[in-house]
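These are the residues of each chain, in order.
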Amino acid sequence: IVMTGEFYPTESASEISMAPHLQQQPSPIVVRFSNATGFPDIADNDPKGLAKGMAIRIDLGDEEYTDMVLSSVPRFPVATPEAFLEMLTAVRDSANSEAETKPIQQFLADNPKAREFVEYPKPYPVSFASLSYHGINAFKFTNAEGESVFGRYIVTPVDGVKTLDKADAEAQNENYLMNEIRERMPAEPAEFTLSVQLAAPEDEVNDATVIWPESRPVVELGKIVIFGVKANAIEYEKSTMFNPLALPEGIEPSEDPILLARPGAYAISFQHRMD
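Scope of this entry: the structure provided in the associated data block. Computed from a predicted structure; not experimentally measured.

### As for the pattern of salt bridges
In this structure the tally under the stated criterion is 10 salt bridges. Across the pair glutamate 188 and arginine 184 runs a salt bridge, and its minimum N-O distance is 3.2 Å. Its relative accessible area of 12% is what places arginine 184 among the buried residues. Arginine 216 is the salt-bridge partner of aspartate 203, the closest N and O atoms lying 2.6 Å from each other.

Pasting the structure below:
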């Protein structure tokens, strides 16, 4: 589901980066919420779709924009595109496998970080607006004084995280999340805080499987306010590719191979969607 709203930067945002949307003025945004797997008809309460996604496009003016692609799980299962392809191949080959140890079971046994991702808690949310979302990749932020720091995005609901137990979630309509956030607008906007967790010098910034310690400082960048469903949303979602490397001056990618591979993979998916 594709929504519209605005992003309001805090004063502390400009201390982190000179990026135009992190200065003083609010910026129009488009926000897309999604279920995991990539299958558009997967039920909102299907356990396979419990890693929820949030993509944000911030309008920078003059037909320029920057994108964020976030997940409700704060890490990735593997550190390289090659390992991810191996994982997806194991999933595919397990579907009709009659082996006692299926390929995906063997992959998870050989790759403990991937197993940790599978076992990471993925609760059923009350709403798309009641989950936290995370940038699994690090970016380099540079302010007007030339000071740089690496960080990862965190998006947290203003009203707090709210979840359902399994039985209550299973009793919901298969489109309960899509319906809830659509029906609450515009009387009840969805509000989030956008922050960045800053890396310490010893933290690994090029490995999406690594979660940094909670003791690392978190700087608030601003507030996200979602007002309603975007006009022509179906057409927009089909014709739009969110690109985490669409970056303004003041924000640069890390050397994380997963991050650097994402736009190319998304472009192939986007082309299939347009065919």
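### A few points about helix H2 (residues 81-94)
Taking 1.5 Å per residue, 14 residues should reach 20 Å; H2 reaches 20 Å between its end C-alpha atoms and fits that length. Among the residues of H2, those classed as buried are Ala83, Met87, Ala90 and Ser94. Summarising the axial view, the buried residues of H2 lie within an arc of 60 degrees, below the 170-degree limit, and thus occupy one face. Pointing more than 90 degrees away from the buried face of H2 are the exposed residues Glu82, Leu85 and Arg92. Among the structural elements, helix H3 (103-110) are those in contact with the buried residues of H2.

### Things to note about the packing of H2 against H3
At a minimum axis separation of 7 Å, H2 and H3 run at an interaxial angle of 145 degrees. Touching Ala83, Glu86, Met87, Ala90, Val91, Asp93 and Ser94 of H2 are Pro103, Ile104 and Phe107, all from H3. Here the residues of the contact of H2 with H3 are counted per class, giving 7 nonpolar, 1 polar and 2 charged.

### Digging into unusual backbone geometry
Backbone phi values are negative for most residues with the exception of glycine, while trans is the configuration of most peptide bonds. Residue proline 186 follows methionine 185 across a cis peptide bond; omega there is -5 degrees. Tracing the backbone through its elements, the reader meets proline 186 in the loop between helix H6 (176-183) and strand S10 (190-198). The phi angle at aspartate 62 is positive, at roughly 55 degrees, despite the residue not being glycine. By secondary structure assignment, the location of aspartate 62 is in the loop between strand S3 (53-61) and strand S4 (64-71). When its relative accessible area of 77% is taken as the criterion, aspartate 62 is described as exposed. Non-glycine residue glutamate 63 carries a positive phi angle of around 65 degrees. Structurally, glutamate 63 can be placed in the loop between S3 and S4.

Rules and cut-offs
Residue positions within a chain follow its written sequence, with the count starting from 1. The predicted nature of this model means local features are confined to residues of pLDDT at least 70 and side-chain atom pairs, given and counted, to a pLDDT of 80 or more, with totals for whole chains, interfaces and linings taken over all residues. Note that the side-chain values use all heavy atoms of the structure and ignore hydrogens as well as water. One speaks of a salt bridge when a side-chain nitrogen belonging to Lys or Arg is within 4 Å of a carboxyl oxygen belonging to Asp or Glu. Note on exposure labels: buried denotes an accessible area under 20% of the residue type's maximum, exposed denotes more than 50%, and partly exposed covers the range between, all computed with a 1.4 Å probe on protein chains only. Numbering goes from the N terminus for both helices and strands, where a helix is a DSSP run of H or I of at least four residues and a strand is a run of E of at least two. Helix span, as expected, comes to 1.5 Å for every residue beyond the first. Arc, as used here, means the arc of the directions from the helix axis to the C-beta atoms. What makes two residues a contact is simply this: any of their non-hydrogen atoms within 4.5 Å. To obtain each axis, a line is fitted to C-alpha atoms, and for helices this fit is confined to the stretch in contact; angles are then taken between N-to-C directions over 0 to 180 degrees. Classification convention: Asp, Glu, Lys, Arg as charged; Ala, Val, Leu, Ile, Met, Phe, Trp, Tyr, Cys, Pro as nonpolar; all other residues, Gly among them, as polar.

Any functional reading would require information beyond the geometric quantities listed.
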